[in-house]
Amino acid sequence: MIRGFLALGAVLWAAEAAAVDCRDLVHEENRYTVCEVDAGTEDLRLFLNDAQGELLGQFSAVESELAGEGGRLAFAMNAGMYHDDRSPVGHYVENGAEVTRVIANPGPGNFGLLPNGVFCIRQGRADVIETLRYVEAQPECRFASQSGPMLVIDGELHPRFLPDSTSRYIRNGVGTSEDGQRVVFAISDDYVTFHEFGGLFRDVLKTPQALYFDGNISRLYAPQIDRSDVGFSLGPIVGVVEAAQ
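Residues numbered from 1 in each chain as written. Predicted model: local features only at pLDDT ≥ 70, side-chain atom pairs only at ≥ 80, totals over all residues. Heavy atoms only, no water.

**A look at the sheet that holds strand S2 (residues 30-38)**
Next, step 1: Pairing within the open sheet is antiparallel, and its 7 strands lie in the order S1-S2-S13-S12-S14-S10-S11. Edge positions in the sheet fall to strand S1 (20-27) and strand S11 (156-157), since each of these pairs with one other strand and no more.
Next, step 2: Here 6 bridges tie strand S12 (residues 171-176) to strand S14 (residues 209-215), and the two strands are oriented antiparallel to one another. Paired with Arg171 across the bridge in S14 is Gly215. (Pairing = 2+ DSSP bridges. Helix = DSSP H or I, 4+ residues; strand = E, 2+ residues; numbered from the N terminus.)

See the structure below:
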């Protein structure tokens, strides 16, 4: 009987641990941390402001906000570029309400390096969608964050990425499977180029669509691997919510 209870406990622990699967890997001599989420079963959300409209900005602030509803973070990452006041640079939707509109025109900086894209969380799935396709399709996203550039588009690297680029930063982003069930978040632990980072999603993570979130300020919260990056306040944050134990 004791052995049966232990076996049941192991199964329950494994099911809980499977909410987010984080691991370290090396690709082309660069180190990365990768976290995979099943969008069909997990509670994936975006966070910007608290219930009073004040900027959250930190993983710890999101944790405090969730505690009031009996939840906690199983994973979190910065999820898009922002202005000095931490407001999103591009399109942003939270709980079905549009905070900022879609920006479909080219512009300065990485965000304006078209094609860029939108990370869209819907009922039972999540997708990276190139911006012009997003505008045409007008999907009903419960949460959405626009960023750029796209890293991978239909299985191909962004056409502007250079194999011999010398621009290297800590970078983070997200890729999605064709059916919208598999969501893969990655952050580099070494300074990498866009070409190297995009290659990770295309060649190793095998996501046909992938989007760059940001660089230099990139941070990760992954308690299952004892990681909680700290720093200046962030803008949009993506996280997986689970019930507090």
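So, next bit.
**Quick look at the sheet that holds strand S17 (residues 237-243)**
Next, step 1: As summarised here, the arrangement of the 5 strands in space is S3-S17-S4-S15-S16, forming an open sheet in which the pairing is antiparallel. In this open sheet, the two strands that pair with only one neighbour each are strand S3 (43-47) and strand S16 (227-228).
Next, step 2: Direction of pairing for S3 relative to S17: antiparallel, over a ladder of 5 bridges. Within the sheet, the bridge partner assigned to Leu44 lies in S17 and is Val240.
Next, step 3: Each of S3, strand S4 (71-78), strand S15 (220-222) and S17 touches helix H2 (residues 59-67); the most contacted strand, S4, lies at about 150° to it. (Contact = heavy atoms within 4.5 Å. Axes fitted to C-alpha atoms, helices over the stretch in contact; angles between N-to-C directions.)

**Examining the packing of aromatic side chains**
Next, step 1: Per the counting criterion, the structure on display carries 8 aromatic pairs.
Next, step 2: Consider the rings of Phe119 and Phe213, whose centres lie 6.2 Å apart with planes at 75°: the pair is edge-to-face. Of this pair, Phe119 sits in strand S7 (residues 117-122) while Phe213 sits in strand S14, and the two are 94 residues apart along the sequence. No difference in accessibility class separates Phe119 from Phe213, as the two residues are buried.
Next, step 3: A centroid spacing of 5.3 Å and a plane angle of 80° characterise the contact between Phe197 and Phe201, whose relative ring orientation is edge-to-face. Taken as a pair, Phe197 and Phe201 lie in helix H4 (residues 194-204) at a separation of 4 residues, close to a single helical turn. (Phe/Tyr/Trp six-rings, centres within 6.5 Å; stacked < 30°, edge-to-face > 60°. Buried < 20%, exposed > 50% of the residue type's maximum accessible area, 1.4 Å probe, protein only.)

**So, H2**
For an α-helix the count is 3.6 residues per turn, leaving residues at separations of three or four pointing the same way.
Next, step 1: Residues of H2 that are buried include every one of Phe59, Val62 and Leu66, and no others. Burial along H2 is one-sided: seen end-on, the buried residues are contained in an arc of 60°. Facing away from the buried surface of H2 by more than 90 degrees, the exposed residues are Ser64 and Ala67.
Next, step 2: Buried residues in H2 make contact with S3, S4, S15 and S17. (Arc of directions from axis to C-beta.)

**Quick look at the pattern of salt bridges**
For side chains bearing opposite charge, pairing can occur when the charged atoms are close.
Next, step 1: Under the counting rule described, the total for this entry stands at 13 salt bridges.
Next, step 2: Between Glu36 and Arg23 there is a salt bridge whose closest N-O contact spans 3.1 Å. Note that Glu36 is positioned in strand S2 and Arg23 in strand S1, a separation of 13 residues in sequence.
Next, step 3: For Glu36, a relative accessible area of 18% corresponds to the buried category.
Next, step 4: Overall, the relative accessible area of 30% leaves Arg23 in the partly exposed class. (Salt bridge = Lys/Arg side-chain N within 4 Å of Asp/Glu carboxyl O.)

**Things to note about the state of the cysteines**
Next, step 1: Scanning the model with the defined rule gives 2 disulfides in all.
Next, step 2: Sulfur-sulfur distance for the disulfide between Cys120 and Cys141 comes to 2.1 Å. The S-S bond linking Cys120 to Cys141 shows a torsion near -105°; that makes this disulfide left-handed. Residue Cys120 is located in strand S7, and its partner Cys141 is located in the loop between helix H3 (131-137) and strand S9 (143-147); the two are separated by 21 residues in the primary sequence. (Disulfide = S-S within 2.5 Å.)

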